Amino acid sequence: MKQIESIKESGGYLNRYEHESSSCHCKMTFSVYLPPRATTGKVPALYWLSGLTCTDDNARTKAGMQRYAAEHGIALIFPDTSPRGDDVPDEVDRYDLGQGAGFYVNATRSPWNKQFHMYDYVTQELPELLEANLPILANVRAISGHSMGGHGALICALKNPDSYRSVSAFSPICHPTESAWGKGCFTAYLGDDIQTWQEYDATELVRNGAKVKDILIEQGGADEFYDEGQLLPEDFQAACDSNGQALTLRVQDGYDHSYHFIATYVGEHIAYHAAALKA
């Protein structure tokens, strides 16, 4: 880990780091907000997974999370959304595939399979790195995210229920095997085997018995991607209802897919996670 930036904010520090990733086989960049409480002891961590086209910089500058994290004494972890670099494959004419669009899967198809291992990076490599080098408690984690990152948060928690104390999402891609974004990326990264796709689909995971204690989802009622059928929260709600998975799905009238929506409700989500992390 090499620290490349540090900004004081809400009494703590918003730091940026880079390191050579063994999962993604390239240099990765991520940001961490350490609250004031981290100067006197280790703190729990909330991982935030961002959406298509984003880097680690979007949420940390637009969502206004840090003041809530400072109040509750939790660290915020902002990974990147994909591997990056001149030697990393990309689709420069597409925003929904390649760099900036890792979809939090472990790719199995060439040319993506060497470096696009964002699932392993988020669930294994990055937590181990941070808990070994920063004042962050081991195995006291929560996870959240937006859009593609909301999809990532849901699957990471459902596939690793003992690794996260809580999970929430904003406007997540809930059923990617049935959305255009998911179909396009899963075909490229994973091939044509639908059963393989289902291993990274929150709706299918719940249908197949995956379960966590509780899930909180915030969805904007005026979200253009909701209207286009990219997000499909009702499919996830139906799967949860049928399989006994506790879910609070809140559709907020008039809100869109942007960080204006996230900034409005992120304080409630951080309080939700803080309660679970301190339990």
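Going by the structure above, here's the rest.
Residues numbered from 1 in each chain as written. Predicted model: local features only at pLDDT ≥ 70, side-chain atom pairs only at ≥ 80, totals over all residues. Heavy atoms only, no water.

Remember that side chains alternate between the two faces of the sheet whenever the strand is regular. Side-chain alternation along strand β5 (residues 75-78) places Ala75 and Ile77 on one buried face and Leu76 and Phe78 on a second face that is also buried. Examined bridge by bridge, strand β4 (residues 43-49) and β5 share three bridges and lie parallel to one another. When the bridges of β5 are listed, leucine 46 appears paired with leucine 76. (Buried < 20%, exposed > 50% of the residue type's maximum accessible area, 1.4 Å probe, protein only. Helix = DSSP H or I, 4+ residues; strand = E, 2+ residues; numbered from the N terminus. Pairing = 2+ DSSP bridges.)

A few words on helix α5 (residues 180-190). Taken together, the buried positions of α5 are Trp181, Gly182, Cys185, Phe186, Ala188, Tyr189 and Leu190. When α5 is viewed along its axis, its buried side chains cluster within an angular range of 165° and face the same direction. Its buried side turned inward, α5 meets α4 (148-159), α6 (194-198) and α8 (224-227). Count one or two residues on from α5 and you reach glycine 191, which has phi positive near 90°. (Arc of directions from axis to C-beta. Contact = heavy atoms within 4.5 Å.)

This part takes up the packing of aromatic side chains. In total, this model carries 13 aromatic pairs according to the counting rule given. Centre to centre, the rings of tryptophan 112 and phenylalanine 116 are 5.1 Å apart; their planes meet at 85°, and the pair counts as edge-to-face. A single burial state applies to tryptophan 112 and to phenylalanine 116, both of which are buried. Here tryptophan 112 falls in the buried class, since its relative accessible area comes to 5%. By the ring-pair criterion, three or more aromatic residues cluster together here, those being Trp48, Phe170, Tyr255, Phe261 and Tyr265. Geometry around tyrosine 200 places lysine 159 over its ring, the cationic atom sitting 5.1 Å from the centre. (Phe/Tyr/Trp six-rings, centres within 6.5 Å; stacked < 30°, edge-to-face > 60°. Lys NZ or Arg CZ within 6 Å of the ring centre and 35° of its normal.)

Spatial ordering of the open sheet is given by β7-β8-β9, a layout of three strands whose pairing is parallel. Both outer strands of the open sheet, β7 (168-170) and β9 (247-252), are each paired with one neighbouring strand and no more. Ignoring strand direction, the axes of neighbouring strands in this sheet form an average angle of 10°. Here strand β8 (residues 215-220) pairs with β9 via six bridges, running parallel. Directly across from glutamate 218, in β9, lies its bridge partner arginine 250. Here helix α10 (residues 259-278) sits on the sheet and contacts β7, β8 and β9; the angle it forms with β7, its principal contact strand, is near 180°. (Axes fitted to C-alpha atoms, helices over the stretch in contact; angles between N-to-C directions.)

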